[in-house]
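A closer look at the structure
Each chain, written out:
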Amino acid sequence: MLSLIGFITIIAVLALIMSKKASPFVALLAVPVVASLVLGNGVDTAGFMEEGIIRIAPVAVMFVFAILYFSLMNEAGLFDPLVDWVVRFSGNDPRKVCVGTAILTACAHMDGSGASTFLIVIPALLPVYDRIGIDRKVLACVVAMAAGVGNLLPWGGPTIRAAAAIDVSVIELYLALLPVHAAGLLFVLASAYWLGARESRRLNPVGPSVDERTESGQSREVEPTARPSSILYAANLALTVAVIALMVSAVLEPVIAFALGLVVAMLINFPKVEDQKSLVERHSQPALTMATILFAAGAFTGILSGTGMLDAMASSTANAIPDSLGSHIPSMLAVVSMPLSFLFDPDSFYFGILPVLSGAAGEFGVAPEQVARAALMGQMTTGFPVSPLTPATFLLVGLSRISLSDHQRFSIPFLFATSLVMSLVAMLLGIF
């Protein structure tokens, strides 16, 4: 009963969000609260929500500071040289822009953190996409694909969890996946090129140059941006590098790094109090809107965890697999691993379901490493940038300035295809 209500809760939330019958904030709060009350938890529901909100608070607050910081830097002209270089390099060719986006994301994701990758890549490239007129959903999709494949890295969250769950070396677990990782990146590059080619045909169907068109095909003018002084630009660049370095190296928590960076950036670029207030007023609305959604997501996961629905769903899923299919657990798991990101957060899956599945597969002579590698084909790798169970998803859509439902409808087919391609390569190579 507990697992059934859990599945119904998650399906209902996804259906409401993707069909736009309710906003993410309403769906993420209303549905799990009702489910918890149906289970008889009463006032304990508030405690579950509070625990989830507390866990998500650092990410939500970081998001607010990060949005304000990068908005300030965008106004200060920090990204203008990069925008100009990418446009010159691409020759206003969406194909080159999209491939470049995939390469940049793969490099930025070397730290294994989806949040920091999105904070680095999206603010820098969004002006490029807007200037050329490429659909912002394409930006979010390409970044999601490259970051999703990048989560296979040995220091990525899913790989570390999988290794810990079955008690094997993370390097041993990953080395066999090297060719799969490479195949995934190649597929991402090919998909990015195809998306760019499709955008090129949309933007330039009969002849006008791409930079004379917008997303809707209307003509527009690109106004020149006022350039900051070389000293101010160097200071902004050094500050941004320092903020990112402190965040990636874990010297400071991301929320503290961006908060302090925002203070210094304001003092350097907008020393007048009136200008500082005006900056916050201009950019606070989108930041706070997404922060409320993040808090709602925290309450959502808090209720699922606190009521025991997550654990129940994990157990029932594992028990539903017939013994006759035990030897095929890895291949079956690989195929459904990406969609499972919508049902289970990484901790619940890798520490709850994976040990049960690997134990069941072991009865049929299947090594636990095979089951773990199959799970990594999609569960919170290619699946994490579209799952409502991960805060990074909301960060991605917030920075890209698109809705979650639009992002999911556009990107899920590409991410699922990436997962299937990697799974096929792994099966052909006999990895599982």
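Predicted, not measured: the structure shown is a model, and the values here were computed from it.

1. Considerations on the packing of aromatic side chains
Under the defined criterion, the tally for this structure stands at four aromatic pairs. On the basis of an interplanar angle of 15° and a centroid distance of 6.0 Å, the ring pair of Phe118 and Phe384 is categorised as stacked. With Phe118 in helix α6 (residues 114-132) and Phe384 in the loop between α17 (368-375) and α18 (391-400), this pair connects stretches of sequence that are 266 residues apart. The same class applies to Phe118 as to Phe384, namely buried. Ring-pair connections join several aromatic residues into one group, and the members of that group are Trp194, Phe410 and Phe414.

2. Considerations on helix α8 (residues 157-166)
Buried within α8 we find Pro158, Thr159, Ala162, Ala163 and Ile166. All buried residues of α8 fall inside an arc of 130° around its axis, so they share one side. One or two positions beyond α8, positive phi appears at Asp167, with a value near 60°.

3. Considerations on the side chain of Ser423
Along the chain, Ser423 turns up in helix α19 (residues 404-428). Among the polar contacts made by the side chain of Ser423, one reaches the main-chain carbonyl oxygen of Ser419 at a distance of 2.8 Å.

4. Let's talk about the confidence of the model for the protein chain
The predicted model of the protein chain has a mean per-residue pLDDT of 83, with 88% of residues at 70 or higher. Across residues 208-225, confidence stays below pLDDT 50; counting only partners more than four residues off in sequence or on other chains, it has 36 contacts.

5. Notes on the environment of Ala234
Locating Ala234 in the fold gives a position in helix α11 (residues 230-248). For Ala234 and Leu78, which are 156 residues apart along the polypeptide, the C-alpha to C-alpha distance reads 8.9 Å.

6. Notes on unusual backbone geometry
Here the phi dihedral of Met380 falls at roughly 60°; this positive angle occurs in a residue that is not glycine. Residue placement: Met380 occurs in the loop between α17 and α18. Since its relative accessible area comes to 2%, Met380 is described here as buried. Positive phi is not limited to glycine here, since Arg401 has a value of about 60°.

7. Overview of helix α2 (residues 24-38)
Residue pairs three or four apart in sequence face the same way in an α-helix, which turns once every 3.6 residues. Spanning 15 residues, α2 covers 21 Å between terminal C-alpha atoms, matching the ideal 21 Å at 1.5 Å per step. Listed as buried for α2 are Pro24, Ala27, Leu28, Val31, Pro32, Ala35 and Ser36. Burial along α2 is one-sided: seen end-on, the buried residues are contained in an arc of 130°.

About the criteria used
- Residues numbered from 1 in each chain as written.
- Predicted model: local features only at pLDDT ≥ 70, side-chain atom pairs only at ≥ 80, totals over all residues.
- Heavy atoms only, no water.
- Phe/Tyr/Trp six-rings, centres within 6.5 Å; stacked < 30°, edge-to-face > 60°.
- Helix = DSSP H or I, 4+ residues; strand = E, 2+ residues; numbered from the N terminus.
- Buried < 20%, exposed > 50% of the residue type's maximum accessible area, 1.4 Å probe, protein only.
- Arc of directions from axis to C-beta.
- Polar contact = N/O pair within 3.5 Å; in protein donor to acceptor, adjacent residues only side chain to side chain.
- pLDDT = per-residue confidence, 0-100.
- Contact = heavy atoms within 4.5 Å.
- Expected span 1.5 Å × (residues − 1).

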